[in-house]
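Residues per chain, in single letters:
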Amino acid sequence: MTVVDTHARLPTGIARTPRDRHYLMCPPAHFEVAYAINPWMDVANLVDVDRARQQWEVLRDTYLRLGHRVDLIDPLPGQPDMVFAANGALVIGGRAYGAMFRFPERAAEGGAYAAWLSAQGYRVHEPRRTNEGEGDFLALGSMILAGTGFRTSLEAHIELAEALDRPVVSLELVDPRFYHLDVAIAVLDDGNGTAPADIAYFPGAFSRHSRRTLRDLFPDALLCDEEDARVLGLNAVSDGHHVVLPAAATSLAASLRRRGYTPVPVVLDEFLKAGGSVKCCTMEMHR
Ligand code: ARG
């Protein structure tokens, strides 16, 4: 019998080592599906608010149990999607590029997140171009993967590159179910520790040209199938070793284990009613 030691080095010599993270979350006090701005949302599909609150608390407690820092921002009444903190900005090393939401329903969130970040001492670059923060921007090593097609504009990719002074790789999303980059790609290792950058993605979410870009940049990436992508399995948060992901993404979890990660499944199905899951509820303050 073979015993799988998830802390062991992979045959390649790569060790999956966790690094301490700093997250921002927003309690779901006003969470509901009050409008429909993505194909997951149906105002007739009522949210069980107590269940949503419990699921969100389990997610926060999971991060704390893994040793990470979780800050909280006060939710604004009338902003039911503010729980999706990832959309509030992209923060790297004391600097932030603020969000400018695509739909008027969420417009007020941009200022709320920017104000919170400024008060915490982050230098916030005020955006002029439509972008939804970490929903479409994924920090990876020295670069940023940036999605466009549904929410964030291509012009914002250029503005971001200038604001945070980093190379930006533009990727085009083509399937409305995967309207944000963070539901089409999961960053498994950000490449800032000892292991190389590592991602998982669902090829079907991207244009032909962007699939080619991803193949060229990440020839060894973990490819996620449609079944796992459809339960938002890629909307995951990794510390380089533990990958917190939606519990329904069972074969993705098995693949992660084989790759040396420890999957940490959480149930967030109340948030799926709004088209969000683990990563959507989490802004990372990248160092
Ligand atoms: N209902 C929200 C919207 O459509 C969900 C946002 C999900 N957030 C994310 N980072 N993918 O804007």
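Residues numbered from 1 in each chain as written. Predicted model: local features only at pLDDT ≥ 70, side-chain atom pairs only at ≥ 80, totals over all residues. Heavy atoms only, no water.

- In the nomenclature of an unreviewed UniProt entry, the chain is known as N-dimethylarginine dimethylaminohydrolase of Aeromicrobium wangtongii.

**A short note on the packing of aromatic side chains**
Line of reasoning, step 1. Throughout the structure, instances matching the rule amount to seven aromatic pairs.
Line of reasoning, step 2. Here the aromatic rings of Tyr 23 and Tyr 63 are separated by 4.5 Å at their centres, their planes lie at 45°, and the arrangement is tilted. Separated by 40 residues along the polypeptide, Tyr 23 in strand S1 (residues 22–25) and Tyr 63 in helix H1 (residues 49–65) bring together distant segments of the chain.
Line of reasoning, step 3. Tyr 63 gets classed as buried once you look at its relative accessible area, which sits at 0%.
Line of reasoning, step 4. Ring centres of Phe 31 and Phe 84 lie 6.0 Å apart, and the angle between their planes is 90°; this geometry places the pair in the edge-to-face category. Here the residue Phe 31 occupies a position in the loop between S1 and H1, and Phe 84 occupies one in the loop between strand S2 (69–72) and strand S3 (89–92), the gap between them amounting to 53 residues. Of the two residues examined, Phe 31 and Phe 84, each falls in the buried class.
Line of reasoning, step 5. Taken together through their ring pairs, the aromatic side chains of Phe 31, Phe 84 and Phe 271 make up a single cluster.
Line of reasoning, step 6. Between Arg 102 and the ring centre of Phe 103, over which it is positioned, the NZ or CZ distance is 4.8 Å. (Phe/Tyr/Trp six-rings, centres within 6.5 Å; stacked < 30°, edge-to-face > 60°. Helix = DSSP H or I, 4+ residues; strand = E, 2+ residues; numbered from the N terminus. Buried < 20%, exposed > 50% of the residue type's maximum accessible area, 1.4 Å probe, protein only. Lys NZ or Arg CZ within 6 Å of the ring centre and 35° of its normal.)

**Quick word on the nonpolar core**
Line of reasoning, step 1. Counting residues in each nonpolar core, the largest one holds 39 residues, and the members touching the most others are Leu 145, Ile 185 and Phe 206.
Line of reasoning, step 2. Among the secondary structure elements, those contributing two or more residues to this core are strand S6 (137–140), strand S7 (143–148), strand S8 (168–172), strand S9 (185–189), strand S10 (198–201), strand S13 (242–246) and helix H6 (250–258).
Line of reasoning, step 3. The element that contributes the greatest number of residues to this core is S9, accounting for four residues.
Line of reasoning, step 4. Contacts of Phe 206, omitting those with residues within four sequence positions, involve Leu 171, Glu 172, Leu 173, Val 174, Leu 181, Ala 184, Ile 185, Tyr 201, Arg 211 and Leu 214.
Line of reasoning, step 5. With 26 residues, the next largest nonpolar core counts Tyr 23, Ile 37, Trp 56 and Phe 84 among its residues. (Core = buried A, V, L, I, M, F, W, Y, C linked by side-chain atoms within 4.5 Å. Contact = heavy atoms within 4.5 Å.)

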